[in-house]
Amino acid sequence: MSGPLDIATNGPTQVWTIDLPQLGNAITGKDFIAAFEAAVDNANADTGIRAVILTGNGKIFSAGGNVKEMADREGIFGLDALAQRHAYIDGIQRIPRALARLEVPLIAAVNGAAIGAGCDLAMMCDIRVASERASFAESFVQLGLIPGDGGTWFLPRAVGYERAAEMTFTGDRIDAPTALQWGMVSQVVPHEELLAHAHALAERIVKNPPHALRMAKRLLRESQTASLDTTLGMAAAMQPLAHRDPEHEQRISKWKTS
């Protein structure tokens, strides 16, 4: 592996592995952010890619921000307040913006602790499958911080306002069974079977026509903040494109002859 994000392509599925185990797969540095942006842009440009799995190398999904850099006032943490504001906008906040424009379904295979920004990163994904060893914490407040990466937008949409508030105000860690109960993850599986389950889910997704998948994802994402009328208008504009897709014609022809 090389770089902060290892990318492996297996047919229509890509696996993105955060590869900074020596730092707890911390979300840190310009290279990390640039790697995510490049991965998104490349997946969007390649219509052969129909799903992405995001996981971490080692025992941790992601420990979030680099606490050592914070303590030592290194990097953006050594800037004055106004410069630091721009550093957040031009830094870590580029990740949620990048993932928001990812056109294909994104599955988080949460292999261990997802802490702070690591928890938020998992919430940015469309679907989450967790190892029995996984845990989640919106831990910013315990360090006297707030979620600076969009966590207050993503977490309530995953677990509802009250549970998001409990996690945000206490910083407490929840285990995988609790995450499942709260609807934060769709499956909890034996640790050794995590990637197999994520790939099995991806296989159920990638068997579907790529253009319909991408439009369905965009419609689902936009409907989180759009009105019903706007969502219906988008659907009315997208559906004729789907009807003209040759793969739609093939599926209909197979259905008629079955």
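Residues numbered from 1 in each chain as written. Predicted model: local features only at pLDDT ≥ 70, side-chain atom pairs only at ≥ 80, totals over all residues. Heavy atoms only, no water.

Peer 1: Residue-level account of the pattern of salt bridges, with values.
Peer 2: One pass over the full model with this rule turns up eight salt bridges. One salt bridge in this structure joins Asp-126 and Arg-221, with 3.0 Å as the shortest N-O distance. Separated by 95 residues along the polypeptide, Asp-126 in the loop between α5 (117-123) and β7 (127-131) and Arg-221 in helix α10 (residues 210-222) bring together distant segments of the chain. Exposure remark for Arg-221: the relative accessible area of 16% places this residue in the buried category. When the shortest N-O distance is used, the salt bridge between Arg-218 and Glu-222 registers 3.1 Å. You can see Arg-218 and its partner Glu-222 sitting in helix α10, four residues apart, about one turn around the helix. Residue classification places Arg-218 among the partly exposed residues on the basis of a relative accessible area of 22%. Taking relative accessible area as the criterion, Glu-222 reaches 30% and is therefore assigned partly exposed. Residues participating in the shared-partner salt-bridge network are Asp-126, Lys-217 and Arg-221. (Salt bridge = Lys/Arg side-chain N within 4 Å of Asp/Glu carboxyl O. Helix = DSSP H or I, 4+ residues; strand = E, 2+ residues; numbered from the N terminus. Buried < 20%, exposed > 50% of the residue type's maximum accessible area, 1.4 Å probe, protein only.)

Peer 1: So, the environment of His-86: which residues are in play, and what are the values?
Peer 2: Considering the arrangement of structural elements, one finds His-86 in helix α3 (residues 81-90). With 35 residues separating them along the chain, His-86 and Ala-51 place their C-alpha atoms 32 Å apart.

Peer 1: Could you give me a rundown of the environment of Leu-54, with the residues and numbers involved?
Peer 2: Tracing the sequence through the fold places Leu-54 in strand β3 (residues 51-56). The class of Leu-54 is buried, set by a relative accessible area of 0%. Spatially, the C-alpha atom of Leu-54 lies 7.2 Å from that of Leu-106, the residues being 52 residues apart in sequence. Ignoring anything within four residues of it in the chain, the contact list for Leu-54 reads Leu-5, Trp-16, Ile-18, Phe-36, Phe-61, Leu-106, Ile-107, Ala-108, Ala-109, Leu-121 and Cys-125. (Contact = heavy atoms within 4.5 Å.)

Peer 1: Break down the sheet that holds strand β6 (residues 113-115) for me, citing the residues and quoting the values.
Peer 2: With respect to topology, four strands assemble into an open sheet ordered β4-β6-β8-β9, the strand pairing being mixed. Because the sheet does not close on itself, it has two edges, and the strands there are β4 (60-62) and β9 (173-175). Strand after strand, the sheet turns through a mean of 20 degrees between neighbouring axes, direction not considered. Where β6 and strand β8 (residues 135-137) come together, three bridges link them in parallel fashion. The residue bridging Ala-114 from the neighbouring strand is Phe-136, located in β8. (Pairing = 2+ DSSP bridges. Axes fitted to C-alpha atoms, helices over the stretch in contact; angles between N-to-C directions.)

Peer 1: Any details on the side chain of Asn-111? Residues and values, ideally.
Peer 2: With respect to the helices and strands, the residue Asn-111 is situated in the loop between β5 (106-110) and β6. At 3.3 Å, the side chain of Asn-111 forms a polar contact with the side chain of Thr-55. Among the polar contacts listed, one links the side chain of Asn-111 to the backbone oxygen of Gly-58, at a separation of 2.9 Å. Not counting residues up to four positions away in its chain, the partners in contact with Asn-111 are Thr-55, Gly-56, Gly-58, Lys-59, Ile-60, Phe-61, Ser-131, Arg-133, His-191 and Leu-194. (Polar contact = N/O pair within 3.5 Å; in protein donor to acceptor, adjacent residues only side chain to side chain.)

Peer 1: Lay out the nonpolar core in plain terms, naming residues and giving numbers.
Peer 2: Residues Trp-16, Leu-54, Leu-121, Phe-136 and Met-184 are the most contacted members of the largest nonpolar core, which totals 49 residues. With seven residues, helix α1 (residues 30-45) is the largest single contributor of residues to this core. Grouped together as the second largest cluster of nonpolar side chains are 14 residues, Ile-53, Val-189, Ile-205 and Leu-213 included. (Core = buried A, V, L, I, M, F, W, Y, C linked by side-chain atoms within 4.5 Å.)

Peer 1: Any details on the packing of α10 against helix α11 (residues 228-243)? Residues and values, ideally.
Peer 2: For the pair α10 and α11, the least separation of the axes is 10 Å and the interaxial angle reads 180 degrees. Relative to α11, α10 is oriented roughly antiparallel. On the side of α10, the interface is formed by Met-215, Arg-218, Leu-219 and Glu-222, while α11 contributes Thr-231, Met-234, Ala-235, Met-238, Leu-241 and Ala-242. Classifying every residue of the contact of α10 with α11 by side-chain character gives seven nonpolar, one polar and two charged. (Parallel < 35°, antiparallel > 145°, perpendicular 65-115°, else oblique. Nonpolar A, V, L, I, M, F, W, Y, C, P; charged D, E, K, R; others polar.)

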